[in-house]
Structures are given as C-alpha cells and as structure tokens.
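Now for the letters of each chain:
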Amino acid sequence: MAASAVPDWWDDVNNSPLWQDRSFHALAGLYGAVSVVALVQLIRIECRVPEYGWTTQKVFHFLNFIVNGVRSIVFVLRRNLQLVHPEIFQHVLIDFPALTFFTTYALLVLFWAEIYYQARTMSTDGLRPAFYTINGVVYGIQIVLWLVLWWKPVRAVVILSKMFFAGTSLFAALGFLLYGGRLFLMLQRFPVESKGRRKKLNEVGYVTTICFSGFLIRCVMMCFNAFNKEADLDVMNHPILNFLYYLLVEIVPSALVLFILRKLPPKQGITQYHPIH
C-alpha cells in the first residue's frame, strides 16, 4: 500500500490544473525577479562606466535580462502555449531561451579565457572568432532541427533535438571546467595576501562550480527527457519536474552568479572589460 501511495500522490499533483498553474506561475515570478536584478545591475554598471560602451560585462547582464524575461513571459502564458499551432512554434518558444542561455554563459567562458591568455602573454586573436563560430554552428544546427521537425514532426527528430541540447550543455560544462579551472589554478599560484586577490580567487572558484554543475545537470536531465516520457519537460502535466529542472539549471545558477558578480567595475583604470565588436 505504501509503495503505491507515492505514484498516486504524484499523479494527483501532476494532473491538477491548480498545481500546474502554481508551478508555472512560480517559475514566471522567479525568472522575472532574476531578470529585474540583471537589468538593475546593467544600469548600475552603465552609470559607473558609460564611456566604455558595450563591454563583455554589460552584454552578459543584458543577455541575462533578456533570457530570464522571455522565460518569465513564456511561463505566464504556458497553458496558452499548449494551444499554439503548428507545434513547432511551441518548441521554438521553449528552446530558444535555452540557446540564448548557452550564449550568455559561453560569453563568461570567453571572458575568462581572454584573461587567462593575456596573463600568460598568449595571443587572444582567435578566441572571439571561435566564440562566434561555435554559437553560429549551435544556432544553425538547432534551426535545421526545427525546420526538419516542422516538415516531419516525428519522435526521432524530437529526441535528436533534445540530445543536441544535452550535447551543447555538456560542451558548456567542459568549457567552464577548462577555462574556469585554469584561471582558478593560475590565480592560486599568485600570492593571495591581499583581500582583492583572495576575493577574485573565490569568485572564479564559485562561479566555475555553479555553472559546471548547472550545465551538467541540464545535460543529464535532457538525456532522461529525450528517452523517458515520465521525464518529459515539454508537457503541462509534469509541473513539479519542470519546476525542479528550471530551478536547478537556470534560476538558481543565474541568481548565484549575478550575486557573486555584483561588484561594480572601478571608475578608472579598467583594462579587463573589452567592448563587443
């Protein structure tokens, strides 16, 4: 009797319109809060250093504002989204913010890679072209998968699309492990008597751990999502699973990273904030 009570309770909650609305509206509220925090931080940075234009730091916060804002709107309209036809538009509205999330945090990897290469007196000329190329390939492949799914909406293409997201998430996790880890080890070799250097070391360590864990969790969950209907994240009747997934892979990591990177750049002598061309 005890073994069957959990599935019954789980099914009752999953099939409850009230719990579905509560879950998705809670996600909308949390995403909205993170979006507002990112916008406030962007405004603070712009007021502090308006003369530097669109720096990497500003673009990072702007993309966080966009990603979380779009997610918030999508979850507010989640029930209506199920009625959108053709179904391909549902996939685009759900998947596109995840692509932008990838770009947002790939930008942070790029930022750290540039710092690492400059500290080692190595050329950084190839980093930005590689960043744009990788993002172009990722977006290009996903657009092709959407078009194929529109043309022939079969289960195999849906699985392929989800596994592609799992692959990009694993790639991002490894990027943080590679460049965040290298930067952390490099900073460890320097004397950390000063409070500023110790804080920078902790900052890199915390952000690397948070982002690596978040993207790795996304990778694992997308693999389950692709092959197990009980773990399907694209349906209304899995509200608890959706809430936990988006909380762990996007909301909590974004909130923690924004908190850790809340420090404003100094008004003068900035050398590490490069404009995006």
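All of these numbers come straight from a predicted model, not from anything done at the bench.

Undergrad: Could you give an account of unusual backbone geometry, naming the residues involved and the relevant values?
TA: Positive phi, normally seen in glycine, also occurs at threonine 121, with a value near 50°. One can find threonine 121 in the loop between helix 5 (88-119) and helix 6 (127-151).

Undergrad: I'd like a description of the packing of helix 6 against helix 7 (residues 155-189), backed by residues and values.
TA: Direction vectors running N to C along helix 6 and helix 7 enclose 165°, while the axes themselves pass 9 Å from each other. Between helix 6 and helix 7, the interaxial angle falls into the category roughly antiparallel. For helix 6 against helix 7, the interelement crossing comes out left-handed. Taking contact as the criterion, the partners of Ile134, Val138, Ile141, Gln142, Leu145, Val148 and Leu149 in helix 6 are, on helix 7, Val157, Val158, Leu160, Ser161, Phe164, Phe165, Thr168 and Phe171.

Undergrad: Run through the state of the cysteines, naming residues and quoting values.
TA: Following the criterion strictly, the structure yields 0 disulfides and no others. Cysteine 223 provides the cysteine sulfur closest to cysteine 219, a residue in no disulfide bond, and the two sulfurs are 4.6 Å apart.

Undergrad: Before we move on, could you go through the packing of helix 5 against helix 7 and cite the residues and values that matter?
TA: Interaxial distance between helix 5 and helix 7 falls to 9 Å at its minimum, and their mutual angle equals 25°. Comparing the axis directions of helix 5 and helix 7 gives the class roughly parallel. Seen along the crossing, helix 5 lies across helix 7 with a hand that is left-handed. Tallied by class, the residues present in the contact of helix 5 with helix 7 amount to 19 nonpolar, 4 polar and 2 charged.

Undergrad: Provide a residue-level description of helix 3 (residues 56-76), including the pertinent values.
TA: At 3.6 residues per turn, the α-helix brings residues three or four places apart onto the same side. Between its first and last C-alpha, helix 3 extends 30 Å over 21 residues, near the 30 Å set by a 1.5 Å rise per residue. Helix 3 sits mainly inside the fold: 15 of its 21 residues count as buried.

Undergrad: Quick one: what's the story with a negative patch on the surface, residue by residue and with numbers?
TA: Taken together, the side chains of Asp8, Asp11, Asp12 and Glu230 present a region of like negative charge at the surface. Tracing the backbone through its elements, the reader meets aspartate 11 in helix 1 (residues 2-14).

Conventions adopted
Residues numbered from 1 in each chain as written. Predicted model: local features only at pLDDT ≥ 70, side-chain atom pairs only at ≥ 80, totals over all residues. Heavy atoms only, no water. Helix = DSSP H or I, 4+ residues; strand = E, 2+ residues; numbered from the N terminus. Axes fitted to C-alpha atoms, helices over the stretch in contact; angles between N-to-C directions. Parallel < 35°, antiparallel > 145°, perpendicular 65-115°, else oblique. Left-handed = near helix turned anticlockwise from the far one by under 90°. Contact = heavy atoms within 4.5 Å. Disulfide = S-S within 2.5 Å. Nonpolar A, V, L, I, M, F, W, Y, C, P; charged D, E, K, R; others polar. Expected span 1.5 Å × (residues − 1). Buried < 20%, exposed > 50% of the residue type's maximum accessible area, 1.4 Å probe, protein only. Patch = residues over 30% accessible without salt bridge, like charges linked within 9 Å, V, L, I, M, F, W, Y side chains within 5 Å. Areas by Shrake-Rupley, 256 points an atom, 1.4 Å probe, with all protein chains shown as cover. Salt bridge = Lys/Arg side-chain N within 4 Å of Asp/Glu carboxyl O. Lys, Arg positive; Asp, Glu negative; His and termini not counted. Charge placed at Lys NZ, Arg CZ, Asp CG, Glu CD.

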